[in-house]
Amino acid sequence: MSMMTTGMAATVRRLRGQVSALHAELVRYGLVVWTAGNLSARVPDQDLMVIKPSGVSYDDLTAESMIVCDLSGTVVDGDFAPSSDTAAHAYVYRHMPEVGGVVHTHSSYACAWAARNEPVPCVLTAMADEFGAEIPVGPFALIGDDSIGRGIVDTLTGHRSPAVLMRNHGVFTIGPDAQAAVKAAVMCEDVARSSHLSRQLGEPVPIAAGDVDRLYARYHKVYGQQ
Ligand SMILES: [Zn+2]
């Protein structure tokens, strides 16, 4: 870290705090159990990211225990091994320059769709707002090389959805920053749950493509504080 400028060191310190705090949101929304799940933030204008340490209980995560890695997944600063999904996060940052945050969970209802290799259909206005499309399924991929990262990037490039269900595995979400990626993970589980419940009662009715477009445009251009 001696190579870091003062400003960069302050940015890394802030991101360590933010990434640590956002992990508590994964717990709060019931998206993770034990030590599964992880999130990261890109360090702006640097080939670096801040990510969760591997195998540390959510209750024990602190800003200081977060790991700083370069975008090949090599640890630059930190006292623990980085998340076992570090290679996937790094691959996304290398290939999607607009992405500033990545989240991974095994949240239950999203996994129920991933296990069936079935995209979550766009059948609720909240889903059209947030995802602007179905939530797609990415390929089956084993951990250990770039397969997961490549599957995420190949599926989400050119897709409105910030979430992908990796087949037989779980959810990866992206965002312009880590908080946006966490929001996408929370909303993904919410719409996966509602749609799953609807499916138990019958066949959910799709929203017409033109209406999906109108809802998505309104939510992303008009809704909220401008
Ligand atoms: Zn996983």
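Residues numbered from 1 in each chain as written. Predicted model: local features only at pLDDT ≥ 70, side-chain atom pairs only at ≥ 80, totals over all residues. Heavy atoms only, no water.

Enquirer: Would you explain the packing of helix H1 (residues 6–28) against helix H6 (residues 178–201) in this entry?
Expert: The description of two helices packed together rests on the angle between their axes and the distance between the axes. In the contact formed by H1 and H6, the axes pass within 10 Å of each other and the chain directions differ by 10°. Relative to H6, H1 is oriented roughly parallel. Judged by residue contacts, Gln18, Leu22, Glu25 and Leu26 of H1 engage Ala178, Gln179 and Val182 from H6. Residue composition of the contact of H1 with H6, grouped by class: four nonpolar, two polar and one charged. (Axes fitted to C-alpha atoms, helices over the stretch in contact; angles between N-to-C directions. Helix = DSSP H or I, 4+ residues; strand = E, 2+ residues; numbered from the N terminus. Parallel < 35°, antiparallel > 145°, perpendicular 65-115°, else oblique. Contact = heavy atoms within 4.5 Å. Nonpolar A, V, L, I, M, F, W, Y, C, P; charged D, E, K, R; others polar.)

Enquirer: What is the right way to read the layout of surface pockets from this model?
Expert: Rolled over the atoms, a probe sized like a water molecule indicates the empty space that remains. Empty space within the largest pocket amounts to approximately 370 Å³. What lines the largest pocket is a set of 18 residues, and nearest its centre among them are Pro162, Ile174, Gly175, Pro176 and His220. Of all the elements in the fold, those that place two or more residues in the lining of the largest pocket are strand S8 (170–175), H6 and helix H7 (209–221). Residue classes in the lining of the largest pocket are distributed as 10 nonpolar, four polar and four charged. (1 Å grid on protein atoms, 1.4 Å probe; cavity = no way out; pocket = protein on both sides within 12 Å on 5 of 7 lines; lining within 4 Å. Points joined across faces, edges and corners; volume = space filled by probe spheres on them.)

Enquirer: What exactly am I supposed to notice about the pairing of S8 here?
Expert: For a regular strand, side-chain orientation follows a simple rule: the groups alternate between the two sheet faces. Taking burial as the measure, the six residues of S8 include six buried ones, the bulk of the element. Of the pairings in the sheet, the one linking strand S5 (residues 101–105) to S8 comprises five bridges and is antiparallel in character. Across the sheet, Thr105 pairs through a bridge with Val171, a residue of S8. Strand direction decides the pairing type here: strand S7 (residues 163–166) and S8, joined by four bridges, are antiparallel. In the strand pairing of S8, Val164 is matched with Phe172. The antiparallel pairing of S7 with S8 creates a hairpin that spans three residues between the two strands, and Asn168 there sits at a positive phi of about 60°. (Buried < 20%, exposed > 50% of the residue type's maximum accessible area, 1.4 Å probe, protein only. Pairing = 2+ DSSP bridges.)

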